[in-house]
Amino acid sequence: MNSVEQPIRDLSGRVSGRGFGERPSGEHKWPVHYDSVELLAMVADVATIVLISLICGLCYHFHASGTPGEIGKSFGSAILVSALFISVMKIRGMYRPTELLVLRNQIRAVCLAWTSVFLLLAGTVFALKIGHEISRGTSMLFAVFGLIALIVDRSILRDLVAKGIAGKRFSGGNIVLITDHSQMSASLFHTLTGLGFCVGRHFIFPPPGSDARRRERLVAKVIEHIRVSDVREIVVGADPNRWSELRTLVAELRVQPFPVSFIPLGTASEIFRRPFRELGDAVCVELQRGPLTSLEHAAKRSMDVLFAGIALTALLPLLAIVAVAIKIDSPGPILFRQRRCGFNGRCFQIRKFRTMSVLEDGPSIIQAQFADKRFTRLGTWLRRTSIDELPQLLNVLEGSMSLVGPRPHAVAHDNEFDKIVRNYAFRQRVKPGLTGWAQVNGYRGPTPSAASIERRVEYDLWYIDNWSLGLDLAILLRTPIEILHARNAY
């Protein structure tokens, strides 16, 4: 089996005269390895936090007393905050280069982690009764400007990582690439070179069922090349289904003192992207995210009860005024109740302020439309401002709904949409919500077409698969903004 020397093509499709592993002329590499990005991001956070802490301490004490104060305290608190903040971000995997590229997720994670750290420290200070030893002014400045600085830091990191990948600026050692399929080698090669690796030689692994002597000849050629070149690593890209053959290949390559890395290719490689956990000596791979764990459910339920209770208490005067106005505006009950499908398909009665002259809750329900003649005079305004949804806070308190989740539809519409949209029933794996990911992205209100309900379901399923308390908080913060935009609100 001979090695494959593939020519490198530029963006115009022309073949360049460089060898497979040579670097483009005039290309300036950064003295940074792609594998070092995570460590450098953590160092940048420590430097940012320490710098902001020192600046805030100096500025506050100079303003208050004309002296620099105790720099040691500012430095000590910065180290403590850095350790806690980086631990939280590291556990959530937010320092991975792929995560650093998603600025929105980074900002959300930074805000949540930073707030959590300061709440933890505030609780500790209160419990130990050491508040007199800490400058409140310095702490407030540190909390505000530290968060701003970390967000700016994330924006800079995102741009640097993106520039490094797009411009192939990261440095990396020489490697030998072995793949089992020539059609996949081009994509894998460009991925590796984009991350700074220099592919010195590319070998093709014999096809399944080949004579063992072909593999032996391949191993001999790889070893021969390594001994006369400056190679730091061997990378094998292959289908995981050929693991028995690959294990033999790796065993034969152990005579070389270099690491051998495996990159799964093909359909079976998807399993490596799934979360997993250990069950004794076995490895359990999560193929589908189930309902929330006991801890996650408790956290989400606590947030629901706390926020819904506060909201009902604060909005009680408004709710009373709306109730009286509905009674004066048109005949009928103040609240409209309708059967909806909740968690695991269980039906419950949803509560809303009545906005129509009809109370439909049968096998056939006509969705609301723009300038619908069924709207009462007050109902049009209530629906546009989403005030008619506020009684659902009672559903949240009783546990049939959550503050955030897929919006529940009437039972008649559920039966209809289930026939139109594949995986529609997957929305019922969590409690329905007062607001949701689809709603803050503009998919609220009626669903007049199959495309509109398909798009809403797509957002709902993404929310279920990516749930976190931080995501729930972000949706709650974005909901008032979406209400002000009034997209599809009628």
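Residues numbered from 1 in each chain as written. Predicted model: local features only at pLDDT ≥ 70, side-chain atom pairs only at ≥ 80, totals over all residues. Heavy atoms only, no water.

1. A short note on the environment of I234
1) Next: Structurally, I234 is set in strand β4 (residues 233-238).
2) Next: The buried category is assigned to I234, whose relative accessible area is 0%.
3) Next: It is 9.8 Å that separates the C-alpha atoms of I234 and V250, two residues lying 16 residues apart in sequence.
4) Next: With residues near it in sequence (within four places) discarded, I234 still touches V176, I178, V222, I226, L253, P259, V260 and S261. (Helix = DSSP H or I, 4+ residues; strand = E, 2+ residues; numbered from the N terminus. Buried < 20%, exposed > 50% of the residue type's maximum accessible area, 1.4 Å probe, protein only. Contact = heavy atoms within 4.5 Å.)

2. As for the pairing of strand β8 (residues 335-341)
1) Next: Where β8 and strand β9 (residues 347-353) come together, 7 bridges link them in antiparallel fashion. Pairing of R337 across the sheet is with R351, part of β9. (Pairing = 2+ DSSP bridges.)

3. Observations concerning helix α10 (residues 377-385)
1) Next: Along α10, the residues that are buried comprise L378, G379, L382 and R383. Within α10, the buried residues cover an arc of 130° as seen down the axis, which keeps them to one side.
2) Next: Packing partners of the buried residues in α10 comprise α9 (294-329) and β9.
3) Next: At the C-terminal side of α10, S386 shows a positive phi close to 65°. (Arc of directions from axis to C-beta.)

4. Looking at the nonpolar core
1) Next: Residues I49, V81, F85, M89, W114 and L192 are the most contacted members of the largest nonpolar core, which totals 39 residues.
2) Next: Ignoring sequence-local partners within four residues, the contact set of F85 consists of D45, I49, Y95, V110, A113, W114, V117, L150 and R154.
3) Next: By size, the runner-up hydrophobic cluster in this structure holds 33 residues, among which are L378, L382, F417 and Y463. (Core = buried A, V, L, I, M, F, W, Y, C linked by side-chain atoms within 4.5 Å.)

5. Focus on unusual backbone geometry
1) Next: Residues other than glycine seldom take positive phi values, yet N344 does so here, at roughly 60°.
2) Next: Inspection of the secondary structure assignment puts N344 in the loop between β8 and β9.
3) Next: Judged by its relative accessible area of 54%, N344 is exposed.

6. Considerations on the pairing of β9
1) Next: β9 sits mainly inside the fold: 5 of its 7 residues count as buried.
2) Next: Hairpin remark: β8 followed by β9, antiparallel, with 5 residues in the connecting loop; positive phi at N344, about 60°.

7. What to know about the pattern of salt bridges
1) Next: This structure, assessed with the given rule, holds 19 salt bridges.
2) Next: A salt bridge links E38 to K90, with the nearest nitrogen and oxygen atoms 2.3 Å apart. Of this pair, E38 sits in helix α1 (residues 37-65) while K90 sits in helix α2 (residues 71-91), and the two are 52 residues apart along the sequence.
3) Next: You can call E38 partly exposed: its relative accessible area is 21%.
4) Next: Salt bridges sharing partners connect three or more residues here, namely K352, D388, E389 and R407. (Salt bridge = Lys/Arg side-chain N within 4 Å of Asp/Glu carboxyl O.)

8. Quick notes on the environment of T138
1) Next: In this fold, T138 is placed in helix α5 (residues 136-166).
2) Next: Note on T138: relative accessible area 11%, which makes it buried.
3) Next: The sequence separation of T138 and S74 amounts to 64 residues, and the corresponding C-alpha distance is 8.5 Å.
4) Next: Once residues within four sequence positions are removed from consideration, T138 is found in contact with C56, G57, Y60 and H61.

9. Observations regarding the environment of L141
1) Next: Here L141 shows up in helix α5.
2) Next: For L141, a relative accessible area of 28% corresponds to the partly exposed category.
3) Next: Separated by 82 residues in sequence, L141 and C59 have C-alpha atoms that sit 9.5 Å apart.
4) Next: Once you skip the residues sitting within four places of it in the chain, L141 turns out to touch C56, Y60 and G146.

10. Some words on the packing of helix α4 (residues 103-128) against α5
1) Next: Relative to each other, α4 and α5 sit at 155°, their axes nearing to 10 Å. With respect to each other, α4 and α5 are oriented roughly antiparallel. As α4 runs across α5, the sense of the crossing is right-handed. Along its contact with α4, which presents L103, Q106, I107, V110, C111, W114 and F118, the element α5 presents S139, F142, A143, G146, L147, L150, I151, R154, S155 and R158. (Axes fitted to C-alpha atoms, helices over the stretch in contact; angles between N-to-C directions. Parallel < 35°, antiparallel > 145°, perpendicular 65-115°, else oblique. Left-handed = near helix turned anticlockwise from the far one by under 90°.)

11. Here we look at the state of the cysteines
1) Next: Evaluated as defined, the whole model comprises 0 disulfides.
2) Next: Sulfur of C56: no disulfide; nearest cysteine sulfur belongs to C59 and is 6.9 Å away. (Disulfide = S-S within 2.5 Å.)

12. Remarks on the packing of aromatic side chains
1) Next: Tallying each qualifying case throughout the model produces 11 aromatic pairs.
2) Next: Ring centres 5.8 Å apart and planes at 80° place the aromatic pair F85 and W114 in the edge-to-face group. Taken as a pair, F85 in helix α2 and W114 in helix α4 lie far apart in primary sequence, 29 residues in all.
3) Next: On the basis of relative accessible area, W114 is assigned to the buried category, the value being 3%. (Phe/Tyr/Trp six-rings, centres within 6.5 Å; stacked < 30°, edge-to-face > 60°.)

13. Points about helix α7 (residues 212-227)
1) Next: Between its terminal C-alpha atoms α7 stretches 23 Å, which fits the 22 Å expected from 16 residues at 1.5 Å a residue.
2) Next: Of all the positions in α7, only R215, L218, V219, V222, I223, H225 and I226 are classed as buried. Looking straight down α7, one finds its buried side chains confined to an arc of 160°; they lie on one side. Counted as exposed and oriented over 90 degrees from the buried face of α7: R213, E224 and R227. (Expected span 1.5 Å × (residues − 1).)

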